[in-house]
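# Breakdown of the fold
The primary structure of each chain is shown beneath.
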Amino acid sequence: DLFDLDIAGLLNQMIDSSITSAGAFQDSDGNSSSLFTIDNILNVRLYYKAAIVSPGTSGSIEAEVVNDGSMLRTELQSVLKQKKCVQGYKVDATGGKSNGISSISNNDDIPAYTVVPILGMSFIHPISGSSNSDEHGKHGIPLIAMQVTFVDMVRMETEMWIRYGHNK
């Protein structure tokens, strides 16, 4: 059940993992790092299982809504605000902060976020190719999934200048 989890901790780890894996590289010292920070996140989309779906009478499908998403929305906003409060926040490959300069920033410019209710989801196993709906015990049943969209404005502006701006 979604309510039995440490949602703030889970969302925090999901965002850290997204940042770490999005632009992972090794620096000259051999340390893994990321090209992106919380400032590069354009949008966070959180999908959650909002209903229990079961077969109904006469071939119909019944869905019982069990979660309206308000708790997830509040927790996601809280985690994003907390991450924006740390100036220079950058995650390294171990999940630690590469510099811990703590300073209050403008909390109003957190990334856009959307909490999307869905009836169900399944993950495809990367090796066997089977979905978890085939083997619930082996892969588990997913309750939430996160999609994070990043944008690198400096690179985007540079490429726009190279392609369009310098011809004038």
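Residues numbered from 1 in each chain as written. Predicted model: local features only at pLDDT ≥ 70, side-chain atom pairs only at ≥ 80, totals over all residues. Heavy atoms only, no water.

### Side note on the overall build of the protein chain
Spelled out, the test is: Helix and strand definitions here come from DSSP, where helices need a minimum of 4 consecutive H or I residues and strands a minimum of 2 consecutive E residues; each element is numbered from the N-terminal end. The buried label applies to any residue whose accessible area, calculated with a 1.4 Å probe on protein chains only, is under 20% of its type's maximum; exposed applies above 50%, and partly exposed to all values in between. Every residue pair with non-hydrogen atoms within 4.5 Å of one another is taken to be in contact. Values of accessible area rely on a 1.4 Å probe in the Shrake-Rupley scheme; residue burial ignores everything except the protein chains shown.
When helices and strands are tallied, the protein chain shows four helices and seven strands. The order of helices and strands in the protein chain, counted from the N terminus, is α-β-β-β-β-β-α-β-α-β-α. Out of the 168 residues in the protein chain, the part that is buried amounts to 28%. The contacts of the protein chain with a sequence gap of at least 6 include a subset with a gap of at least 24, amounting to 64%. Accessible area for the protein chain stands at about 10,700 Å²; split by element, carbon and sulfur atoms hold 53% of it.

### Structural notes on helix α1 (residues 7-22)
An α-helical turn contains 3.6 residues, so a residue and the one three or four places further along point in the same direction. Our working definition: How far a helix is expected to stretch is found by multiplying one less than its residue total by 1.5 Å.
With 16 residues, α1 extends 22 Å between its outermost C-alpha atoms, agreeing within 8% with the 22 Å of an ideal straight helix rising 1.5 Å per residue. Where α1 is buried, its residues touch β1 (24-26), β2 (32-34), β3 (41-49), α2 (70-84) and β7 (144-150).

### What about the pattern of salt bridges?
Once the charged atoms of two side chains with opposite charge are near each other, the side chains can pair. This is how the line gets drawn: For this document, the term salt bridge refers to a Lys or Arg side-chain nitrogen within 4 Å of an Asp or Glu carboxyl oxygen.
The full count for this structure, using the stated rule, is three salt bridges. Two residues, D16 and K83, come together in a salt bridge whose shortest N-O distance is 2.8 Å. In this pair, D16 sits in helix α1 while K83 sits in helix α2, placing the two residues 67 residues apart along the sequence. Note that D39 and K84 form a salt bridge whose closest N and O atoms lie 2.5 Å from each other. Of the two residues, D39 sits in the loop between β2 and β3 while K84 sits in helix α2, which places them 45 residues apart along the sequence.

### Some remarks on the sheet that holds strand β6 (residues 112-118)
As a reminder, the rule being used: For two strands to count as paired, DSSP must find a minimum of two bridges between them. Between the N-to-C directions of two axes lies an angle of 0 to 180 degrees, each axis being a line fitted to C-alpha atoms and, for a helix, fitted only over the stretch in contact.
Pairing within the open sheet is mixed, and its three strands lie in the order β6-β3-β7. Pairing within the sheet leaves two strands with one partner each, and these edge strands are β6 and β7. Taking the axes of each pair of neighbouring strands and ignoring which way they run, one obtains an average angle of 15° across the sheet. Bridge count between β3 and β6: seven bridges; the pairing is parallel. Paired with K49 across the bridge in β6 is I118. Sheet strands touched by α1: β3 and β7. Its angle to β7, the strand with the most contacts, is close to 40°.

### A look at the confidence of the model for the protein chain
To keep it simple, the criterion reads: pLDDT is a residue-level measure of predictor confidence that goes from 0 to 100.
Taken as a whole, the protein chain shows an average pLDDT of 75; of its residues, 71% reach a score of 70 or greater. Note on residues 97-105: pLDDT under 50 across the span, and 16 contacts to partners over four residues away in sequence or across chains. Note on residues 132-137: pLDDT is under 50 here. Beyond four places in sequence and across chains, it has 10 contacts.

### With respect to the nonpolar core
Filter applied, for reference: Throughout this description, the term nonpolar core refers to a set of buried Ala, Val, Leu, Ile, Met, Phe, Trp, Tyr and Cys residues connected via side-chain atoms within 4.5 Å.
Counting 20 residues, the largest nonpolar core has L11, I15, L76 and M146 as the members making the most contacts within it. Going through the elements one at a time, α1, β3, α2 and β7 are the ones with two or more residues in this core. Looking at this core, the element that brings in the most residues is α1, giving five residues. Residues contacting L11, with those up to four places away along its chain left out, are L46, L72, E75, L76, V79, I144 and M146.

### Side note on the packing of α1 against α2
The test is simple: Here roughly perpendicular refers to angles of 65 to 115 degrees, roughly parallel to angles under 35, roughly antiparallel to angles over 145, and oblique to all remaining angles. Left-handed describes a crossing in which the near helix is turned anticlockwise from the far one by less than a right angle; the clockwise case is right-handed. Residue polarity is assigned by list, with Asp, Glu, Lys and Arg as charged and Ala, Val, Leu, Ile, Met, Phe, Trp, Tyr, Cys and Pro as nonpolar; anything else, Gly included, falls into the polar class.
Closest axis-to-axis distance for the α1/α2 pair is 9 Å, and the angle between their directions is 55°. Relative to α2, α1 is oriented oblique. The way α1 lies across α2 gives a crossing that is right-handed. Mapping the contact onto sequence places I7, A8, L11, N12, I15 and D16 in α1 and M71, L72, E75, L76, V79, L80, Q82 and K83 in α2. Classifying every residue of the contact of α1 with α2 gives nine nonpolar, two polar and three charged.

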